[in-house]
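# Fold and contact review
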Amino acid sequence: MAETTGIKDYIKPENLVYKKTGIMTDNILHYCPGCGHSTMHRIIAEIIDEEGLQSEAIGVSPVGCSVFLYHYIDIDWQEAAHGRAPALATAIKRLCPDKFVFTYQGDGDLAAIGTSETIHSCNRGENFLIVFINNGIYGMTGGQMAPTTLPGMKSTTSPYGRDTRQMGFPLKITDIVATLPGTYYVTRQSVHTPANVRKTKRALRKAVQYQKLNKGTCFVEIVSNCPSGWRMTPVEANKWLEENMLPYYPLGDLKTPSEETSQKTNNPE
Amino acid sequence: MERELRLMKGNEAVAEAAIRAGADGYFGYPITPQSEILEYLMEANPYQTTGMVVLQAESEVAAINMVYGGAACGKKVLTTSSSPGISLMQEGISYIAGAELPCLVVNVVRGGPGLGTIQPAQSDYFQAVKGGGHGDYHLIVLAPSSVQEMADFVGLGFDLAFKYRNPVMILSDGAIGQMMEKVWLSPYRERSKTVPDWATTGKLPSRQRNIITSLELNPERQEEFNRKLINKYNEIKEKEVRYEEFQCEDAEYLFVAYGTSARVCQKSVQIARNEGLKAGLLRPVTLFPFPSERIGTLSGRAKIILSVEMSSGQMLEDVLLSVNGEVPVYHFGRMGGIVTTPEEVVDFLKLKIMGG
Ligand SMILES: Cc1ncc(C[n+]2csc(CCOP(=O)(O)OP(=O)(O)O)c2C)c(N)n1
Ligand code: SF4
C-alpha cells in the first residue's frame, strides 16, 4: 500500500500562515456562521494584544448577541444591562483613569434603549472607546426591527417592510455623536470583505491610540450583517450589506482629531 | 482625627459622611427632597481632597448603572434619590444584586404613587424590603430616624455592603432628609488603596480574568446561584438584625415604627404612659433583616400591637408575620406627605382598646 501524507505532515512552523490571537480564549464562538460579530471580536483581541493592553483593559459587554463577549477575549469584563454600557464605562474610567475602557454594543443596545447613555457619555466627552455594531436588526431576540433598520427592510416586527411614515427613519446615531464636542474620533467601517477588515483594524488601532490621550470619546461604528435575522446566507448577506446598507451608512471617518471641535480633557486635574 | 460636631440637614449629613467614609464615587440626579446631597458634594468638591469622584448623571437610570460600573471595579460607590428616581433605578439594582456588587443606595422617600408629593412618606417599604426590581433578591435595608443615623449608616452601609457583597439601601424619608439636628461626624477614613480580588481592574498574568455579570443561561447553575443568595440572606438574617427598644419591658401596647414614625411614637409612648397605658416602642433599625423574632417575643406580653407607618400599611405585613396571629395587630399612619402626630397614634390605640 502506498504511503499517504497525513495532516501531521503539514503542521510545521514553516507552513504557518494563520494562528489564534493570544488573548482569544479557547471557548467556541456561539455566533451564526458568517456573522460580523466574530470577525470584530478577533480584531479587538488582536489590537489589545498587539498594543499590550491586556492588563489595562476593562471591557463592557452589552445585551444582544454579543452578551457573551466576555467568554472570548481574555481580559476583565463587566456585563451591562441593555443599553447601559456607557454608564458603566463612565464610572469605570473616572474611577480608574489609567485603564483602557471600552464598550461593545449592538444597534438596539446603543441606538434604541441606550440612546440617552450614548449621547450623554459622548457629550461629556468620557474618555473611553465605543465599538458599535450596526447590523440593522435585533439579532439576539430573533430579528425584530432596530432603529437602524433600512426603509422597506423586512424584520419580524416590520413584516411588510419598514414603513418610514409609521416607524420612522433609520437613526444615524454615529452622525449625531460626531457633532458633539465631546467626541474625539468618530469613524464608520465594515468587516464584510478582507480589505474592509484591514481598514477596520487600522481604524480601531487609531481609536485605541487616541483613547490613551484622554481627549474625549472615540466611537467606531461597524456596519455589520446578521445572516440569520436577515434570512440570508452569509455570502448573500455581505452582498446585501454592500448594496443596501453602505449607501445609507457610508464608510469613512466622520470626525478626526485635527478638527477644532475636539474637546480638551475632562479630567479635573 | 477627632469626631466633629455640626448642625446639619439629614441630606447634608449623608453627603459629608460619604466623603468621610472614604467613598470613591457618587453618581446622582436631582430630585426633591434630597437634591442637597448632590449640591453639597459638588460644593465640597472632594475630588480635590480625598479624590472622590462626584458626577451628575443624565438620569437615575444612568446613575445606578454608573454605580454598577464603579462597584464592579471594587470601589466604594453610592447614589441617592427619592421615590420616583428609585423606581427608575430598580433594573440596575436588580443587576447589582445579581452580580453581587457592594454599593449604597439612599432613598429619601416622598409620597406616591406616581409623581405624588414632595413631602415625607414611608410608602416605599415594599419596594425596598421585598426586592423592588425583578428576580429573587434582597437589599440590606437600614432605616435611620435621626440626622445622626443618616450619617452613621453611610459608613455602616458600606461595611455591610462589602462584607456580604450586597447592595445596601438607606430607607429614609423627606422629614429626616430635611430636618436639621446636631450630628457627630466620624473622622475621615482614607479611601481604600486595595480592591477585592473579584474586582475588574485589568487582568494581570498572575490571575484569571474577572467577569462581573448577572447572566447564567444554564438553569441548574442559575438555581445554584439562587440558593447561594438565599444562604447569604439567611446569614444576614442571623447576624445583622438591629433594632431599638423604648419602654418595652412591661409593654402591653406595642408600637412598631421606624424612621420618622418611630420619633413620633416615642412621644406617643410617653403620652400613653401618662394616661396609665403601658405602651412601648420597638424600632426596627434594619428593615431587612426584620426583627421578627424580637417582635414575636414581645408579642407574648402584648395585648395590642400597632404598626405605625406613613403608608397604607406595608411594614404591617412583616409585623403580622412576626406575631403570627397571637395578638391583634393594627395599622395606623397618615399618608400623602402628612406626618402622623403622637396624639393621633394614642387616640387610635385607645379606640382599639375600647374595641373600636
Ligand atoms: C430591558 C430589556 N429589554 C429588552 C431586552 C431584550 N433584548 C435582548 S437583546 C435585544 C436587542 C439586541 O439587538 P442589538 O442591540 O441590535 O444586538 P444584536 O443582537 O443585533 O447584536 C433585546 C431587545 C432585554 N434584555 N432587556
Ligand atoms: S443572530 Fe445575527 S447577530 Fe446574532 S449571531 Fe446570528 S447572525 Fe450574528
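The structure displayed is predicted, hence computed values, not measured ones.

## Section: the overall build of chain B
A tally of regular secondary structure across chain B gives 13 helices and 15 strands. For chain B, the C-alpha radius of gyration of 21 Å lies close to 21 Å, the compact-globule estimate for 356 residues. Taken along its principal axes, the extent of the C-alpha atoms in chain B is 75 × 50 × 40 Å. Here chain B holds 356 residues, and the buried ones make up 60% of them.

## Side note on the overall build of chain A
For chain A, the helix and strand inventory stands at nine helices and nine strands. For chain A, the C-alpha radius of gyration of 19 Å lies close to 18 Å, the compact-globule estimate for 269 residues. Projected onto its principal axes, the C-alpha positions of chain A cover 75 × 50 × 30 Å. Each of the 269 residues in chain A was classed as buried or not, and the buried ones make up 54%. Within the structure as shown, chain A displays about 11700 Å² of accessible surface, and the carbon and sulfur contribution to it stands at 56%. Side-chain charges in chain A split into 27 positive and 27 negative, and the spacing between the mean points of these groups amounts to 4 Å.

## Quick look at the sheet that holds strand 8 (residues 217-223) of chain A
As summarised here, the arrangement of the eight strands in space is 9(A)-7(A)-8(A)-4(A)-3(A)-1(A)-2(A)-9(B), forming an open sheet in which the pairing is mixed. Edge positions in the sheet fall to strand 9 (252-255) of chain A together with strand 9 (211-212) of chain B, since each of these pairs with one other strand and no more. As defined by bridge partners, strand 7 (residues 183-190) of chain A adjoins strand 8 of chain A across seven bridges and the pair is classed as parallel. Counted as the bridge partner of Thr183 of chain A is Thr217 of chain A from strand 8 of chain A. The sheet strands contacting helix 1 (residues 36-50) of chain A are strand 3 (100-106), strand 4 (129-134) and strand 8 of chain A, and the helix crosses strand 3 of chain A at an angle near 175°.

## Overview of the side chain of Thr200 of chain A
Residue and element names in this part refer to chain A. Within the secondary structure, Thr200 is located in helix 7 (residues 194-211). What makes Thr200 buried here is its relative accessible area of 0%. When neighbours within four sequence positions are excluded, Thr200 is seen to be in contact with Met40, Ile43, Gln189, Ser190, Val191 and Ile222.

## Quick word on the pattern of salt bridges
A pair can form between side chains of opposite charge whenever their charged atoms are brought close. Across all of its chains, the model carries 43 salt bridges over all chains by this definition. Glu4 of chain B is the partner of Arg6 of chain B in a salt bridge, and the nearest nitrogen-oxygen pair spans 3.1 Å. Two residues, Lys193 of chain B and Glu190 of chain B, come together in a salt bridge whose shortest N-O distance is 2.4 Å. Of the residues examined, Lys193 of chain B reaches a relative accessible area of 72% and is grouped as exposed. The network of salt bridges with shared partners includes Arg42, Glu46, Glu50, Glu51, Lys201, Arg205 and Lys212 of chain A.

## Re the domain arrangement of chain B
Residue and element names in this part refer to chain B. When its domains are assigned, chain B resolves into domain 1 (4-189 + 214-239) and domain 2 (244-353). A separation of 26 Å is found between the C-alpha centroids of domain 1 and domain 2. Taken together, the contact between domain 1 and domain 2 spans 31 residues of the former and 25 residues of the latter. Of the roughly 2300 Å² buried at the junction of domain 1 and domain 2 (both faces included), carbon and sulfur atoms supply 56%. Per-residue buried area on domain 1 facing domain 2 is highest for Gln122, Tyr125 and Phe126; these three make up 32% of the total on that side. At the boundary of domain 1 with domain 2, the tally comes to three salt bridges. Linking Arg263 and Glu181 is a salt bridge whose minimum nitrogen-to-oxygen distance equals 2.5 Å. Of the residues in the side of domain 1 that touches domain 2, the class split is 18 nonpolar, seven polar and six charged.

## What about the packing of aromatic side chains?
All names here are of chain B. Inspection of every chain in the model, using the stated rule, returns twelve aromatic pairs over all chains. Considering the side-chain rings of Tyr125 and Tyr258, the 5.8 Å spacing of their centres and the 40° angle between planes classify their relative orientation as tilted. With a gap of 133 residues between them, Tyr125 in helix 6 (residues 125-129) and Tyr258 in the loop between strand 11 (253-256) and helix 10 (259-274) connect regions that are remote in the sequence. This pair shows no difference in class: Tyr125 is buried, exactly as Tyr258 is. Here Tyr233 and Phe288 contribute two aromatic rings whose centre-to-centre distance is 6.2 Å and whose plane-to-plane angle is 90°, an arrangement assigned as edge-to-face. Of this pair, Tyr233 sits in helix 9 (residues 219-239) while Phe288 sits in strand 13 (residues 286-288), and the two are 55 residues apart along the sequence.

## Some points on the interface of chain A and chain B
Between chain A and chain B, the contact holds 40 residues from the first and 35 residues from the second. Both faces considered, chain A and chain B share a buried interface measuring about 2900 Å² in area, 60% of it formed by carbon and sulfur atoms. Area buried by chain A at its contact with chain B is led by Tyr70, Asp76 and Leu95 of chain A, which between them contribute 22% of it. Applying the counting rule to chain A against chain B returns four salt bridges. Arg124 of chain A is the partner of Glu58 of chain B in a salt bridge, and the nearest nitrogen-oxygen pair spans 2.8 Å. If one sorts the elements of the side of chain A that touches chain B by residue count, helix 2 (residues 85-95) of chain A sits on top with seven residues.

## Let's talk about the site of ligand 1
Residue and element names in this part refer to chain A. Around ligand 1, the surrounding shell holds 17 residues, and the nearest of these are His37, Cys65, Asp107, Asp109 and Gly139. The contact in question runs from an oxygen atom of ligand 1 to an N or O atom on the side chain of Asp107, over 2.3 Å. Within the complex, 78% of the 590 Å² of free accessible area of ligand 1 lies under protein. Of all the secondary-structure elements, those providing two or more residues to the shell around ligand 1 are helix 3 (107-113) and strand 5 (137-138). For the shell around ligand 1, the leading source of residues is helix 3, giving four residues.

## Notes on the nonpolar core
Counting 122 residues, the largest nonpolar core has Phe27, Leu101, Val154 and Val319 of chain B as the members making the most contacts within it. With nine residues, the top contributor of residues to this core is helix 7 (residues 147-164) of chain B. Per-domain counts for this core show at least three residues from each of domain 1 (4-189 + 214-239) and domain 2 (244-353) of chain B. Non-local contacts of Phe27 of chain B, meaning those with residues more than four positions away in its chain, are made with Ala91 and Leu95 of chain A together with Val53, Leu55, Ala63, Met66, Val67, Val77, Leu78, Thr79 and Thr80 of chain B.

## Describing the site of ligand 2
Neighbouring ligand 2 are Tyr31, Cys32, Cys35, His37, Cys65, Asn135, Gly139, Cys226, Pro227 and Ser228 of chain A. Classifying every residue of the shell around ligand 2 by side-chain character gives six nonpolar, four polar and no charged.

## What about the sheet that holds strand 5 (residues 103-109) of chain B?
All names here are of chain B. Ordered in space as 3-2-4-5-7-6-13, the seven strands form an open sheet in which the pairing is mixed. Both outer strands of the open sheet, strand 3 (53-56) and strand 13, are each paired with one neighbouring strand and no more. Strand-to-strand twist across the sheet, computed as the mean angle between neighbouring axes with direction ignored, equals 20°. Examined bridge by bridge, strand 2 (residues 25-28) and strand 4 (residues 77-81) share two bridges and lie parallel to one another. Paired with Gly25 across the bridge in strand 4 is Val77.

Conventions used here
Residues numbered from 1 in each chain as written. Chains lettered and ligands numbered in written order. Predicted model: local features only at pLDDT ≥ 70, side-chain atom pairs only at ≥ 80, totals over all residues. Heavy atoms only, no water. Helix = DSSP H or I, 4+ residues; strand = E, 2+ residues; numbered from the N terminus. Rg over C-alpha atoms; globule rule 2.2 N^0.38 Å. Buried < 20%, exposed > 50% of the residue type's maximum accessible area, 1.4 Å probe, protein only. Areas by Shrake-Rupley, 256 points an atom, 1.4 Å probe, with all protein chains shown as cover. Lys, Arg positive; Asp, Glu negative; His and termini not counted. Charge placed at Lys NZ, Arg CZ, Asp CG, Glu CD. Pairing = 2+ DSSP bridges. Contact = heavy atoms within 4.5 Å. Axes fitted to C-alpha atoms, helices over the stretch in contact; angles between N-to-C directions. Salt bridge = Lys/Arg side-chain N within 4 Å of Asp/Glu carboxyl O. Domains from an automatic or database assignment. Buried area = accessible area lost by both parts, 1.4 Å probe. Nonpolar A, V, L, I, M, F, W, Y, C, P; charged D, E, K, R; others polar. Phe/Tyr/Trp six-rings, centres within 6.5 Å; stacked < 30°, edge-to-face > 60°. Near = heavy atom within 4 Å. Polar contact = N/O pair within 3.5 Å; in protein donor to acceptor, adjacent residues only side chain to side chain. Core = buried A, V, L, I, M, F, W, Y, C linked by side-chain atoms within 4.5 Å.

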